[in-house]
Amino acid sequence: MPLSEYIINDIKPLKATSNIGEAQQLFNQLTYSHIPIQKEGIYIGCLSETDAHCFDSGKPIAEYLYTLEGFFVRRSTLWLDVLEAFAQKDTNIMPVLSDNNEYLGYYELNDIISMFNQTPFFSEPGGILIVEKGYNDYSFSEICQIVESNNGKLLGTFISKTENDMVQITLKIGNTGLNDIIQSFRRYSYNIISGHEDDTFVQNLKDRSDYLNKYLNL
């Protein structure tokens, strides 16, 4: 289903001339974190529920335009970029504008997440592997080469964390046999943060440590 099919129009934007009380009442009826606001038919931003409940219910929204958050996406925006916009703005509603800045409706966060859940990254069977390397030392081409040279199928990958010039990359790998892939990543100086299959390297170290402890305690 095209992303544009998820555009919702059941709630119209409030006008800047509307009273704050109307926004408060609407928030009480809905579970949305924001409500779109229009001025003279033009979308000018979103009013947050937190702000609305702090304002005087008898005053018009126009007196609080400085608090509006101007986020939106285009009808042509790709779904992954839409999901990123949701995350950056900490909202569960995202206004959609045409290329001519015409207000078309909005997306709900749950609908976009459901699309993400239908991708092979989540729907296909496979193992999850998290690796770490220096920000200037890793490359996605190298990561793909490591996986595919071990007969693995890369179903998806993304940068899940950056900290202190280190990058953690989460991979979804089809086919079984993560262990060989893990060993290859180690040879390429990647740290293994997590693997959802048995890592025999770690198990072997544990076994040797247990054996050494037994030997020393004889």
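Being a predicted model, the structure only gives us computed values, none of them experimental.

A closer look at the overall build of the chain
- Counting secondary structure elements, the chain contains 8 helices and 10 strands.
- In the chain, which comprises 218 residues, the proportion classed as buried is 40%.
- Counting contacts in the chain only where the partners sit at least 6 residues apart, residues at least 24 apart contribute 58% of the total.
- Summed over all atoms, the accessible surface of the chain reaches about 12900 Å², with 48% contributed by carbon and sulfur.

Remarks on the packing of aromatic side chains
- By the definition in use, this model includes 7 aromatic pairs.
- Their ring planes at 25 degrees and their centres at 6.1 Å tell us that Tyr 43 and Tyr 103 sit as a pair that is stacked. Here Tyr 43 is found in strand 3 (residues 42–48), whereas its partner Tyr 103 is found in strand 6 (residues 103–108), with 60 residues between them in sequence.
- Residue Tyr 43 is classed as buried on the basis of its relative accessible area of 11%.
- Through successive ring pairs, a cluster of aromatic residues spans Tyr 43, Phe 72 and Tyr 103.

Topic: the sheet that holds strand 8 (residues 153–163)
- Spatially, 4 strands are ordered 8-9-7-10 in an open sheet, and the strand pairing comes out antiparallel. Edge strands, defined here as strands with exactly one partner in the open sheet, are strand 8 and strand 10 (191–195). On average, each strand axis in the sheet is tilted by 20 degrees relative to the strand beside it, whichever way the strands run.
- Of the strand pairs in this sheet, strand 7 (residues 127–134) and strand 10 are connected by 4 bridges, and their pairing is antiparallel. The residue bridging Val 131 from the neighbouring strand is Ile 192, located in strand 10.
- Contacts from helix 7 (residues 178–187) reach strand 7, strand 9 (166–174) and strand 10, with the element oriented near 0 degrees to strand 7.

Here's the deal with the layout of surface pockets
- Approximately 280 Å³ is the volume found for the largest pocket.
- As for the largest pocket, its lining consists of Trp 79, Leu 80, Phe 116, Thr 119, Pro 120, Phe 121, Phe 122, Leu 155, Gly 156, Thr 157, Phe 158 and Ile 159.
- Of all elements in the fold, only helix 3 (79–89), helix 5 (120–123) and strand 8 reach the threshold of two or more residues within the lining of the largest pocket.
- It is strand 8 that contributes the most residues to the lining of the largest pocket, 5 residues altogether.

Some points on the side chain of Lys 172
- For Lys 172, the position within the fold is in strand 9.
- In contact with Lys 172, not counting residues within four places along its chain, are Pro 120, Phe 121, Phe 122, Glu 124, Pro 125, Gly 126, Gly 127, Ile 128, Lys 153, Leu 154, Leu 155 and Gly 156.

Points about the sheet that holds strand 2 (residues 34–39)
- Here we have 3 strands laid out as an open sheet, ordered 1-2-3, and mixed in their pairing. Edge strands, defined here as strands with exactly one partner in the open sheet, are strand 1 (14–15) and strand 3.
- Alignment of strand 1 against strand 2, held across 2 bridges, turns out to be parallel. Looking at the pairing, Leu 14 lines up with Ile 37 of strand 2.

Quick look at the environment of Leu 68
- Position of Leu 68 among the secondary structure elements: in the loop between helix 2 (49–52) and strand 4 (73–74).
- Judged by relative accessible area, Leu 68 falls into the buried class, the value being 14%.
- Sequence separation between Leu 68 and Pro 36 is 32 residues, and the spatial gap between their C-alpha atoms is 9.0 Å.
- Not counting residues within four places of it along the chain, the set of residues in contact with Leu 68 comprises Ile 37, Ile 44, Gly 45, Cys 46 and Leu 47.

Thoughts on the nonpolar core
- Residues Leu 47 and Tyr 107 are the most contacted members of the largest nonpolar core, which totals 38 residues.
- Of all the elements in the fold, those that place two or more residues in this core are helix 1 (20–29), strand 2, strand 3, helix 3, strand 5 (93–97), strand 6 and helix 4 (109–117).
- Setting aside residues up to four positions removed in sequence, Leu 47 forms contacts with Ile 20, Ala 23, Phe 27, Ser 33, His 34, Ile 35, Ile 37, Ala 52, Phe 55, Thr 67 and Leu 68.
- Counting residues in each nonpolar core, the second largest holds 16 residues, with Val 131, Leu 171, Leu 178 and Tyr 190 among its members.

Considering the pattern of salt bridges
- Counted under the stated rule, the structure contains 2 salt bridges.
- Glu 163 serves as the salt-bridge partner of Lys 161, at 3.1 Å between the closest nitrogen and oxygen.
- Assessed through its relative accessible area of 42%, Glu 163 is described here as partly exposed.

Rules of the game
Residues numbered from 1 in each chain as written. Predicted model: local features only at pLDDT ≥ 70, side-chain atom pairs only at ≥ 80, totals over all residues. Heavy atoms only, no water. Helix = DSSP H or I, 4+ residues; strand = E, 2+ residues; numbered from the N terminus. Buried < 20%, exposed > 50% of the residue type's maximum accessible area, 1.4 Å probe, protein only. Contact = heavy atoms within 4.5 Å. Areas by Shrake-Rupley, 256 points an atom, 1.4 Å probe, with all protein chains shown as cover. Phe/Tyr/Trp six-rings, centres within 6.5 Å; stacked < 30°, edge-to-face > 60°. Pairing = 2+ DSSP bridges. Axes fitted to C-alpha atoms, helices over the stretch in contact; angles between N-to-C directions. 1 Å grid on protein atoms, 1.4 Å probe; cavity = no way out; pocket = protein on both sides within 12 Å on 5 of 7 lines; lining within 4 Å. Points joined across faces, edges and corners; volume = space filled by probe spheres on them. Core = buried A, V, L, I, M, F, W, Y, C linked by side-chain atoms within 4.5 Å. Salt bridge = Lys/Arg side-chain N within 4 Å of Asp/Glu carboxyl O.

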